Amino acid sequence: MSENMMTRRAFLGASAGVAAAAACAGGVSAVSGAQAFAADDAAGEGVTRQVHTLCNACSSKCGFTAYVVDGKLTKVIGDADHPYAQGVLCARGYGYTQIAYSEDRLTDPLKKNAQGKFEAISWDQAYAEIAEKVKAIIDENGPEALAMVQDPRPSGKYYTKRFMNALGSANVYTHGAACNLSKEAGFTQVIGTGNYESDVENSRMTMFIGRSYADAIRPSSVAALQKAHENGARIVLVDPRCNNSVAFADEWVPINPGTDMAFVLGMANVLITRGLYDADYVAENAVGFDEWASYVRTTCTPEWAAEITGIPANTITRLACEFAEAAPAASIEPSWRGAFGCAYANSGETARVVCLFNTLLGCWNQPGGALLTSSVSAGDLDKEKFPSVPKPEGKLLGQDVYPLALSGMGSNVYAAQAAKGGQIKGMFFYNSNMAAGYSNTAYLAEALGALELMVVVDVQMSETAQLADYVLPECSYLERMELPEFIGGKVPCVALRDQVIERVHPNTKSCDEIFSELAAACGVGDYFNFTVEELAEAQLATVGVSLDDLRRAGTISFPEKAFAYGSTPKWKTPTGKIQFTSEACEKAGLSAYPVWVEPEVMPDAAAGTLRLIGGKQAHMSHTQTANIQDLMQITKDYELDRVWLSTEVAEKLGIADGDEVLVSNECAEGKARVKVTERLNPTALFMPSHYGCSSPDEHTAYGVGLRQMDFVPFHIEPGYGATMSQEALVTVKKVGA
């Protein structure tokens, strides 16, 4: 153990009366999540300081106020002015504050020695050795042999890209190929932007495909869904699993997983053949409609869709007619990872069809419809103080192979493939547990094992860190200030992750320090001659805000840039219109207009195979929250690591609720207890996607549950470059049967 390490026990022991500082006390549950964390500072001892900052338990980054007594965190309360929090946090937000005090924190730079064991080294040694290897790779193979994978956070997305570009490499990838790449790339082909917002609370009808606000997406989203329900809006859940949003829904449509595209095409057929779509809106705003409409009329009947989706034709027809009646105050919500973010061979094309269906409703920017809201961003900075990094000569690797992948995300799974093939020699990972959560874990371990240099920047010893040559310890999100987070919406705003507490482990560093100092060691430090505070101040000045003001407020809105209902969006497509046809899709080998694409694999009842699907839970997000003690305790108390099996299939297999089962396929096998339920499509097996930790240094998460990605073959969605995380079939049987 490092001499710089202060254990959680010692830290808490040194602060008598604040023992709850590292726990979600205060009775927080996965259901409410509305109570303040460790709220007992009523004794009045010491000085209480309030700090506005942002959560880090998921990518939403909700704003909250941290209460600090004599340097010790005592409670957190969601900021009312933050558009995602609106005064509350979810269970993950409260629980994840424990990470600062976790006994599993990384405390010193680590190097893997000749025996494959990690040993602590100094920062100077780590920087010098990494820089030497970086320069050797560039000298021998060029800068394009280096790559970065990062899960975007306010400072991380700036510093990681600037560092790689300064080295001359364009190879910067986000986690998107394992999250939302297909969705955003598909949307971009139709409407010229990667996302939109459904105006749920003002709608007459909203359909959710594979997404559950009640499973802790954002508190504001849950509030909007509740308002819609109270206002009498029709809420429809299209999902193989009856998720927790059913409390606010009118109908659950238990679709066969992977067939959402056929379902929406079937509804589009009803609107087009019956003349129920907004023909004037389509004619004025779109191109290529007639070609797509001809295909939809002749092929995509409700009866055709019923055969594929398992949803009766009359249900498909009825829902389409209900949409027409509710329009334009109606939309299909944009969804995220689980449905068509990165899940199937047809995910990108499903995203296209969803946008086209909303276009038939004429609902863009209409009250209750699908909104392209306002945004705000930092302007140009002083070039002398913040010099521009020269644009790398090479292109992002994978861009030619997967041309529809957004350049701001790239295909990180292609990068892994390139590492395995020797094209990429060195990779950096920031806030990314790629080895456990992005694709087949065995393939990724082999691919990353082929690298000449692998550097991981993280807070804890993840599975990705276990594979690295060097591990650089970042301080937790509570111990650092980051760059401003600009947030679009009906009223755009800017928020700040500010430092809440002093560093628990003095030898950890912040993202901006690590990449600035690493850049200096690599000979490109001239692009980093500024502090994060100076950069934040400069960015904020371009929008008329000071860093001091933002620190005091936490969130500052721009009402002068507020979204206006009824405005015509500026379609940022090549044609300047909504595109029913896409030249880029055609060049990528797909149909110019979206036609039905089969999933890569389909379950076979005769063969006993089920489609493996995954998803979040209200108290967990990905792998990073699984190592939090109180959040894991919720899992253990309610046995939430169980796999789900439909009652119909369980009866055929002689499996009862609570039995131990063996889940297996050609990639992996593992045992788990089972939840037998009527709330699951009988062609599927549901596995929570954040368990199965295999890093023994994450003591809370280690060995709990199964890991979805162990069972997912390594494959990449044509054209789009996503991981196809639910193109996996498994069998299940009772242990001992």
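Residues numbered from 1 in each chain as written. Predicted model: local features only at pLDDT ≥ 70, side-chain atom pairs only at ≥ 80, totals over all residues. Heavy atoms only, no water.

Points about the overall build of the protein chain
In plain terms, the rule: Comment: elements are numbered from the N terminus, with helices defined as DSSP H or I runs of at least four residues and strands as E runs of at least two. The size measure is the radius of gyration over C-alpha atoms, and the globule rule it meets is 2.2 Å times the number of residues to the 0.38 power. Exposure classes here rest on a 1.4 Å probe applied to the protein chains alone. A residue is buried below 20% of its type maximum, exposed above 50%, and partly exposed in between. Per-residue and other accessible areas were derived by the Shrake-Rupley procedure at a 1.4 Å probe size, with only the shown protein chains allowed to occlude residues. This count recognises Lys and Arg as positive and Asp and Glu as negative, with His and chain-terminal groups excluded. Charged groups are reduced to one reference atom each: NZ for lysine, CZ for arginine, CG for aspartic acid, CD for glutamic acid.
A count of helices and strands for the protein chain gives 23 helices and 27 strands. Taken over C-alpha atoms, the radius of gyration comes to 25 Å for the protein chain, in line with the 27 Å a tight globule of 737 residues would show. The C-alpha extent of the protein chain, read off along each of the three principal axes, is 70 × 65 × 60 Å. Burial analysis of the protein chain (737 residues in total) assigns 61% to the buried set. In the form shown here, the protein chain has an accessible surface area of approximately 26400 Å², with 47% of it arising from carbon and sulfur atoms. Positive and negative charge centroids in the protein chain, built from 59 and 87 side chains respectively, lie 1 Å apart.

With respect to the nonpolar core
Going by this rule: Residues grouped as a nonpolar core are buried Ala, Val, Leu, Ile, Met, Phe, Trp, Tyr and Cys residues, joined through side-chain atoms within 4.5 Å. Any two residues whose heavy atoms approach within 4.5 Å are treated as being in contact.
By size, the foremost hydrophobic cluster in this structure holds 60 residues, and its most contacted members are Met 207, Phe 263, Met 267, Leu 360 and Trp 364. The biggest single contributor to this core is helix α7 (residues 260–273), with 10 residues. Among all residues touching Met 207, those that are not within four sequence positions of it are Val 236, Val 238, Phe 263, Met 267, Leu 319, Phe 323, Ser 331, Ile 332 and Glu 333. The next biggest cluster of nonpolar side chains, apart from the first, holds 51 residues, and it includes Val 457, Tyr 470, Leu 496 and Phe 515.

Brief notes about the side chain of Asn 180
Operational definition: Definition of a polar contact: a pair of N or O atoms within 3.5 Å, with one able to donate and the other able to accept a hydrogen when the atoms are protein atoms, and with sequence-neighbouring residues admitted only if both atoms are side-chain atoms.
Residue position: Asn 180 is located in the loop between β7 (172–174) and α5 (181–191). A polar atom in the side chain of Asn 180 sits 3.0 Å from the side chain of Glu 184. Ignoring sequence-local partners within four residues, the contact set of Asn 180 consists of Trp 336, Gly 341 and Met 409.

A short note on the sheet that holds strand β25 (residues 669–677)
Test applied: In short, DSSP must find at least two bridges between two strands for them to pair. Throughout, an axis means a line fitted to C-alpha atoms (over the contacting stretch in the case of helices), and angles, computed between N-to-C directions, take values from 0 to 180 degrees.
The 6 strands lie next to each other as β22-β26-β23-β25-β24-β27, forming a closed barrel whose pairing is mixed. Taken pair by pair, the neighbouring strands of this sheet meet at an average axis angle of 45°, ignoring direction. Pairing of strand β22 (residues 610–615) with strand β27 (residues 729–734) involves 2 bridges; the strand directions are antiparallel. Bridging across to β27, Arg 611 finds its partner in Leu 729.

Re the pattern of salt bridges
Put simply, the rule is: Throughout this description, the term salt bridge denotes a Lys or Arg side-chain nitrogen within 4 Å of a carboxyl oxygen of Asp or Glu.
Per the counting criterion, the structure on display carries 31 salt bridges. Arg 234 is the partner of Glu 322 in a salt bridge, and the nearest nitrogen-oxygen pair spans 2.7 Å. With a gap of 88 residues between them, Glu 322 in helix α11 (residues 313–326) and Arg 234 in strand β10 (residues 234–238) connect regions that are remote in the sequence. Residue Arg 234 is classed as partly exposed on the basis of its relative accessible area of 23%. The salt bridge involving Asp 657 is made with Arg 642; its shortest N-O contact spans 3.5 Å. Of this pair, Asp 657 sits in the loop between α23 (647–653) and β24 (660–664) while Arg 642 sits in the loop between α22 (629–638) and β23 (643–646), and the two are 15 residues apart along the sequence. Among the charged side chains, a salt-bridge network with shared partners connects Arg 234, Glu 251, Arg 318 and Glu 322.

Topic: the environment of Pro 713
Considering the arrangement of structural elements, one finds Pro 713 in the loop between β26 (684–688) and β27. For Pro 713, a relative accessible area of 18% gives the class buried. Distance from Pro 713 to Cys 667, taken between C-alpha atoms, is 6.6 Å for residues 46 residues apart in sequence. Not counting residues within four places of it along the chain, the set of residues in contact with Pro 713 comprises Ser 439, Asn 440, Glu 666, Cys 667, Glu 727 and Ala 728.

Here's the deal with the environment of Pro 403
Summarising the element assignment, Pro 403 is placed in the loop between β14 (370–371) and α14 (412–420). According to the relative accessible area criterion, Pro 403 is partly exposed, its value standing at 41%.

Notes on the pairing of strand β2 (residues 63–69)
With 7 of its 7 residues buried, β2 lies for the most part within the structure. Alignment of strand β1 (residues 48–54) against β2, held across 7 bridges, turns out to be antiparallel. The residue bridging Gln 50 from the neighbouring strand is Tyr 67, located in β2. Sheet topology places β2 next to strand β3 (residues 72–78); 6 bridges connect them, and they run antiparallel.

A closer look at the packing of aromatic side chains
Using the following cut-off: Think of it this way: a Phe, Tyr or Trp ring, Trp meaning its six-membered ring, pairs with another when their centres are within 6.5 Å, and the plane angle makes it stacked under 30 degrees, edge-to-face over 60, tilted otherwise. Charge over a ring is defined by NZ of Lys or CZ of Arg lying within 6 Å of the ring centre and within 35 degrees of the ring normal.
All told, the structure shown has 23 aromatic pairs when counted by the stated rule. Taking 5.4 Å as the distance between ring centres and 45° as the angle between the ring planes, the aromatic pair formed by Trp 292 and Phe 580 counts as tilted. Here Phe 580 lies in the loop between β21 (578–579) and α21 (583–587) and Trp 292 lies in helix α9 (residues 289–299), a separation of 288 residues in the sequence. Of the two residues, Trp 292 and Phe 580, neither departs from the other in class, the shared state being buried. Over the aromatic face of Tyr 67 sits the side chain of Lys 75, whose NZ or CZ is 4.6 Å from the ring centroid. A cation sits over an aromatic face here: Arg 162 above Phe 528, 5.8 Å from the ring centre.

A short note on unusual backbone geometry
Here the bond from Ala 327 into Pro 328 is cis, since omega is 5°, no more than 30 degrees from zero. Residue placement: Pro 328 occurs in the loop between α11 and β13 (330–332). Positive phi, close to 50°, is recorded for Asp 70, a residue that is not glycine. Tracing the backbone through its elements, the reader meets Asp 70 in the loop between β2 and β3.

Section: the confidence of the model for the protein chain
This is how the line gets drawn: Every residue gets a pLDDT, meaning the predictor's confidence in that residue, from 0 to 100.
Per-residue confidence for the protein chain gives a mean pLDDT of 93; residues scoring 70 or more make up 94%. Per-residue pLDDT stays below 50 along residues 1–43; that stretch engages in 90 contacts with residues further than four places along the chain or on separate chains.

A few points about the packing of α7 against α11
As a reminder of what qualifies: The scheme is simple: roughly parallel for angles under 35 degrees, roughly antiparallel for over 145, roughly perpendicular for 65 to 115, oblique for anything else. Should the near helix be turned counterclockwise from the far one by less than a right angle, the crossing is left-handed, whereas a clockwise turn marks it as right-handed. Amino acids are sorted into nonpolar (Ala, Val, Leu, Ile, Met, Phe, Trp, Tyr, Cys and Pro), charged (Asp, Glu, Lys and Arg) and polar (every other residue, Gly among them).
Look at α7 against α11: their axes get within 8 Å of each other, and the N-to-C directions meet at 60°. As summarised for this structure, α7 and α11 are arranged oblique, according to the angle between their axes. α7 and α11 meet at a crossing whose hand is right-handed. Contacts from Phe 263, Gly 266, Met 267, Val 270 and Leu 271 of α7 reach α11 at Ile 316, Thr 317, Leu 319, Ala 320, Cys 321, Phe 323 and Ala 324. For the contact of α7 with α11, a count of residues per class yields 10 nonpolar, 2 polar and no charged.

A word on the pairing of strand β17 (residues 470–473)
Residue alternation in β17 divides its side chains into two sets, Tyr 470 and Leu 472 and Val 471 and Pro 473, and both sets are buried. In this structure, strand β16 (residues 453–458) lies alongside β17, joined through 4 bridges in parallel fashion. Its bridge partner lying in β17, Val 457 is registered against Leu 472.

Points about the environment of Ala 327
Counting through the fold element by element, Ala 327 comes out in the loop between α11 and β13. Separated by 42 residues in the primary sequence, Ala 327 and Gly 369 have C-alpha atoms spaced 7.7 Å apart.

Digging into the packing of α14 against helix α16 (residues 441–449)
Any two packed helices are characterised by how steeply their axes cross, that is the angle between the axes, and by the distance between the axes. Running from N to C, α14 and α16 point in directions that differ by 50°, and their axes come no closer than 7 Å. With respect to α16, the axis of α14 lies oblique. Of the two elements, α14 crosses α16, and the hand of that crossing is left-handed. The residues of α16 that touch α14, namely those facing Ala 416, Gln 417, Ala 419 and Lys 420, are Tyr 443, Leu 444, Glu 446 and Ala 447.

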